[in-house]
Amino acid sequence: MSSKLIMEKVFKYFPLRRSLVEILTFRPPRYVRAVDGVSFTVDEGEIFCLAGESGCGKTTTGRLIVRLLEFTGGRALYRPRKEILSEIPPQYIVEKEYVDLTAKLPRQVDKLLRRDVQIVFQDPYGSLNPRMRIYDILKEPLDIHGVGASEDEKREKVFKALEEVKLTPPEEFAERYPHMLSGGQRQRIGIARALILEPSLVVADEPVSMLDVSVRAEILQLMMDLKATRNLTYVFITHDLAVAAYICNRIGIMYLGTIVEKGPIDLIVNNPQHPYAKALIAAVPEPDPRNRFKIREVPIKGEIPSAANIPPGCRFHPRCPYAMDICKKEPPPEIEIEKGHTVSCWLYAKR
Ligand SMILES: Nc1ncnc2c1ncn2[C@@H]1O[C@H](COP(=O)(O)OP(=O)(O)O)[C@@H](O)[C@H]1O
Ligand code: SF4
Ligand SMILES: [Mg+2]
């Protein structure tokens, strides 16, 4: 098996704050169902993209993978790189070479996984400590994880990381503070910080969406180059399908905490099947210059509902132009319409 990550029906619910009336009348607690039964696999060395409108659960899914959040349920098998795997005690290893990220893991295992699975955050302005020099920002993970035998070795690693993200001369950038850098340069630091511990999986949460359009392509290219030289696997989160089409191998389209369609990127951007995926792809403002998108007109009504109040049946039914009776009552099954391409929609179910 060459899967790097296997997410099997994972959940993340956030409890809603209860009003006094709710507490006094013993009403059951309510939840924001941010991630509500999501399944996908990521193969070693691929770029798997999670796409969808704001609020559909992309960031929450990414934060579960890097264990910044605890899972509410499901199973998430992760295969660490060999050196990390060999340090994990056998009782935490499942199916020979995986660790279940949803399990309660001791600090020692947690720390090993944090080295191997890193995140690049969306906001390059908010994710770097403004009071720390770039040198200290990049050295911090080495200190925490005891990587580098001496201060000289750590210095060498920090400088090498700066060179890798093309911030040269490194001696000069190392002395600066985040406010002395442009947005693009800060995101380069974010990438350097994620890579300094030599992870094998990187979750990139909309890494270019807050940057000037003029620097987005450079940062994406840098991420692609680093992926190739370091043999990385990416879970790439974006709401921008043009970006997805440009860089990823496979995609999962999310809607209100679930994946409605997933499969190879070309199949999905050129010929989406799920009504929501069709609408989303029709909404891509400009087709990419190589004309990979066929723009369609699909009516889509209304706003995305709240994740605290998910419609019954198919959660897309209030907005779906094709909704049938069954859609209002029962959630649709996931149907494989061709190899590796699945759609969760009653239109494709044989009844
Ligand atoms: N810490 C939190 N507490 C409560 N609700 C949250 C929290 N984080 C995210 N949510 C909610 O979960 C849903 C999914 O959010 P998110 O994963 O950030 O979506 P996306 O990244 O796709 O925009 C949203 O409704 C959001 O308001
Ligand atoms: S299951 Fe029904 S409501 Fe949902 S997307 Fe398919 S046709 Fe539309
Ligand atoms: Mg997000």
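Here goes a summary of the coordinates provided. (Residues numbered from 1 in each chain as written. Chains lettered and ligands numbered in written order. Predicted model: local features only at pLDDT ≥ 70, side-chain atom pairs only at ≥ 80, totals over all residues. Heavy atoms only, no water.)

### Let's talk about the overall build of the chain
Just so we agree on the cut-off: Helix and strand assignments follow DSSP, with helices taken as H or I runs no shorter than four residues and strands as E runs no shorter than two, numbered in order from the N terminus. With the radius of gyration taken over C-alpha atoms, the globule rule is written as 2.2 Å times the number of residues to the power 0.38. Under the scheme applied here, a residue whose accessible area is under 20% of the maximum for its type counts as buried, over 50% as exposed, and between as partly exposed, the area being computed with a 1.4 Å probe on protein chains only. Every residue pair with non-hydrogen atoms within 4.5 Å of one another is taken to be in contact. A 1.4 Å probe and the Shrake-Rupley method give the accessible areas. Residues count as covered only by the protein chains that appear here. His is not counted, nor are the chain ends, whereas Lys and Arg count as positive and Asp and Glu as negative. By convention, the point assigned to a charge is CZ for Arg, NZ for Lys, CD for Glu and CG for Asp.
For the chain, the helix and strand inventory stands at 13 helices and twelve strands. The C-alpha radius of gyration computed for the chain amounts to 21 Å, which stays within 12% of the reference 20 Å derived for 351 residues, consistent with globular compactness. With respect to the three principal axes, the spread of C-alpha positions in the chain is 70 × 50 × 45 Å. A total of 351 residues make up the chain; the buried ones form 52% of that total. Look at the contacts in the chain between residues 6 or more apart in sequence, and 65% of them connect residues 24 or more apart. Working note: accessible area of the chain is about 17,000 Å², and carbon and sulfur atoms make up 52% of it. Each charge class in the chain was averaged separately, 51 positive and 46 negative side chains, and the resulting centres sit 5 Å apart.

### Some words on the pairing of strand β1 (residues 3–15)
We count it as follows: For two strands to be treated as a pair, DSSP must find no fewer than two bridges joining them.
Of the pairings in the sheet, the one linking β1 to strand β2 (residues 31–43) comprises ten bridges and is antiparallel in character. Within the sheet, the bridge partner assigned to Ser-3 lies in β2 and is Asp-43. As paired elements, β1 and strand β4 (residues 73–78) share five bridges and run antiparallel to each other. Within the sheet, the bridge partner assigned to Leu-5 lies in β4 and is Tyr-78.

### Concerning the packing of helix α5 (residues 134–145) against helix α8 (residues 183–195)
We count it as follows: Only the stretch in contact is used when a helix axis is fitted, and all axes are lines through C-alpha atoms; the angle between N-to-C directions ranges over 0 to 180 degrees. Reported orientations rely on four angle classes, namely roughly parallel under 35 degrees, roughly antiparallel over 145, roughly perpendicular from 65 to 115, and oblique for the rest. Throughout, a crossing is termed right-handed when the near helix is turned clockwise from the far one, and left-handed when it is turned anticlockwise from it by less than a right angle.
At a closest axis distance of 8 Å, the pairing of α5 and α8 adopts a crossing angle of 25°. The angle between α5 and α8 falls in the class roughly parallel. Read as a crossing pair, α5 and α8 show a hand that is right-handed. Residue-level inspection shows Ile-134, Ile-137, Leu-138 and Pro-141 of α5 in contact with α8, the latter providing Ile-189, Ala-192 and Arg-193.

### Overview of the site of ligand 2
Stated precisely, the cut-off is as follows: What makes a residue near a molecule or strand is one non-hydrogen atom of that residue sitting within 4 Å of it. In this analysis the probe radius is 1.4 Å and the grid spacing 1 Å, with only protein atoms considered; a cavity is a set of points the probe fits into but cannot get out of, a pocket is an open set with protein on both sides within 12 Å along at least five of seven lines, and lining residues have an atom within 4 Å of a point. Occupancy of a cavity or pocket is assigned to a molecule whenever over half of its atoms lie within 2 Å of that pocket's grid points. Amino acids are sorted into nonpolar (Ala, Val, Leu, Ile, Met, Phe, Trp, Tyr, Cys and Pro), charged (Asp, Glu, Lys and Arg) and polar (every other residue, Gly among them).
As a structural note, the neighbourhood of ligand 2 is formed by His-274, Pro-275, Cys-314, Phe-316, His-317, Cys-320, Tyr-322, Ala-323, Cys-327, Cys-345, Trp-346 and Leu-347. Of the pockets mapped on this structure, ligand 2 occupies the largest cavity. Among the residues forming the shell around ligand 2, the class breakdown is ten nonpolar, two polar and no charged.

### Considering unusual backbone geometry
A cis geometry characterises the amide bond from Thr-168 onward to Pro-169, with omega recorded as -5°. For Pro-169, the location among the structural elements is in the loop between α6 (151–164) and α7 (170–174).

### Here we look at the site of ligand 1
Put simply, the rule is: Whenever two N or O atoms come within 3.5 Å, that pair is a polar contact, provided that in protein one can donate a hydrogen and the other can accept it, and provided that, for residues adjacent in sequence, both atoms are side-chain atoms.
By nearness alone, every residue bordering ligand 1 is listed as Phe-14, Val-32, Ala-34, Glu-53, Ser-54, Gly-55, Cys-56, Gly-57, Lys-58, Thr-59, Thr-60 and Ala-307. For ligand 1, an oxygen atom lies 3.2 Å from a polar atom in the backbone of Cys-56. Contact distances for ligand 1 include 2.8 Å between an oxygen atom and a side-chain N or O atom of Lys-58. Listed by contribution, the elements that provide at least two residues to the shell around ligand 1 are β2 and α2 (58–65). If you tally residues by element for the shell around ligand 1, the top one is α2, at three residues. Of the residues in the shell around ligand 1, the class split is five nonpolar, five polar and two charged.

### Points about empty space enclosed by the protein
This is how the line gets drawn: Grid points are joined across faces, edges and corners, and a volume is the space filled by probe spheres set on the points.
Tallied over the full model, the rule gives three cavities of 30 Å³ or more. Taken as a whole, the largest cavity holds about 80 Å³ of empty space. What lines the largest cavity is a set of 13 residues, and nearest its centre among them are Cys-314, Cys-320, Cys-327, Cys-345 and Trp-346.

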